[in-house]
Amino acid sequence: MESCNLCPRACGADRAAEKGFCGGGYTIKAARASLHFWEEPCISGKNGSGTVFFSGCNLKCCFCQNYNISAENFGKEISIERLAEIFLELQEQNAHNINLVNPTHYVPLIIKALDIAKPRLKIPVVYNSGGYETVETIAMLDGYVDIFLPDLKYKSSLLSEKYSHAENYFGFASKAIIAMFEQVGKPIFDGDILKKGVIIRHLVLPNARQDSIEVLEWIANNFEKGDVLVSLMSQYTPFYKSCEHKEINRRISTFEYNKVLEKAVSLGLDGYMQEKSSAKEEYTPDFDLSGL
Ligand code: SF4
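Here's what I pulled together on the structure shown here. (Residues numbered from 1 in each chain as written. Predicted model: local features only at pLDDT ≥ 70, side-chain atom pairs only at ≥ 80, totals over all residues. Heavy atoms only, no water.)

Right, let's get into the pattern of salt bridges. By the definition in use, this model includes twelve salt bridges. With its nearest N and O atoms 3.1 Å apart, the salt bridge here joins Asp-288 to Arg-32. Here Asp-288, found in the segment after strand S10 (271-273), pairs with Arg-32, found in strand S1 (residues 28-36); they are 256 residues apart in sequence, far enough to count as distant. By relative accessible area, Arg-32 is classed as buried at 16%. Here Lys-225 makes a salt bridge to Asp-270, at a shortest N to O gap of 3.1 Å. Here the residue Lys-225 occupies a position in the loop between helix H8 (209-222) and strand S9 (229-233), and Asp-270 occupies one in the loop between helix H9 (254-266) and S10, the gap between them amounting to 45 residues. If you follow the salt bridges from partner to partner, you end up with Glu-39, Glu-40 and Arg-201 in one network. (Salt bridge = Lys/Arg side-chain N within 4 Å of Asp/Glu carboxyl O. Helix = DSSP H or I, 4+ residues; strand = E, 2+ residues; numbered from the N terminus. Buried < 20%, exposed > 50% of the residue type's maximum accessible area, 1.4 Å probe, protein only.)

As structure tokens, this is what we get:
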């Protein structure tokens, strides 16, 4: 973190003295720690997922629904020791897992917190990221993370550059997802709850269904059936700076979503296919610093 290259931006920022693109400094910053019930059913279960929402982001997508914490970096600084306590408090609240949301820029600090908590932490750790990762950072997580929950947002470099300032998104994300699978392997369940594995999320964007189809084809071509789960999401809502791009300044249509859904089914992908009717804004929690 003295010359940060934790993510593909490789800003080289000295995080003790300055902030890189992600806005992350030398101390962990988070906006909420609580039970969360809006993840995939195998993550949230009945008890909820013990979620820590980290502030800052290495993508800052123009349509981000959490933009006040990701792009605007709202949050509270907490120590490594406090983060370890939070993990254990969430476990005491019967969380099915510890869910690290947008953790990439804090990986070395999170590992230190897990080192403190691990002897008493009995539930799986979920690494829930935008997918813009290096294989080196993913390798650091070996033995610490049980479930990877990456986005695979785009195949097209034109779209990733336009909406997430990351022309090289797919090249890095695709390699990182393969490294995640090599680390944790196929899904392992205990009843309805996932204990180990990879879930690849993809949010369908307006006017971009062909790119969604190419993302799904890449998954089908690079993994055997049953290797990974796919979570296809329909809740796109034009938040934040979406209005600067008129082609995405609307929700997706039922036609668009059904075309992508049909492709997922025809490719035989396993996982979670969100109902189009559930595309509502209530999925965004209040970032009120609770639990920190
Ligand atoms: S994690 Fe942040 S500071 Fe580090 S390379 Fe990525 S954007 Fe830059």
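The structure having been displayed, the exposition proceeds.
Looking at the secondary structure, you find Ser-174 in helix H7 (residues 169-184). The class for Ser-174 is buried, based on a relative accessible area of 8%. For Ser-174, the side chain forms a polar contact with the main-chain oxygen of Phe-170, separated by 2.7 Å. (Polar contact = N/O pair within 3.5 Å; in protein donor to acceptor, adjacent residues only side chain to side chain.)

The tally for this structure, following the rule as stated, stands at twelve aromatic pairs. Ring geometry for Tyr-67 versus Tyr-240: centroids 5.0 Å apart, planes at 10°, classification stacked. Taken together, the residues span a long stretch of sequence, with Tyr-67 in helix H2 (residues 67-70) and Tyr-240 in the loop between S9 and H9 at a distance of 173 residues. Consider the rings of Tyr-132 and Tyr-169, whose centres lie 6.0 Å apart with planes at 25°: the pair is stacked. Here Tyr-132 is found in the loop between strand S5 (125-129) and helix H5 (135-140), whereas its partner Tyr-169 is found in helix H7, with 37 residues between them in sequence. As far as the burial class goes, Tyr-132 and Tyr-169 line up, both buried. In this structure an aromatic cluster arises from ring pairing among Tyr-132, Tyr-154, Tyr-169 and Phe-172. The positively charged end of Lys-60 is found above the aromatic ring belonging to Phe-21, 4.9 Å away from the centroid. (Phe/Tyr/Trp six-rings, centres within 6.5 Å; stacked < 30°, edge-to-face > 60°. Lys NZ or Arg CZ within 6 Å of the ring centre and 35° of its normal.)

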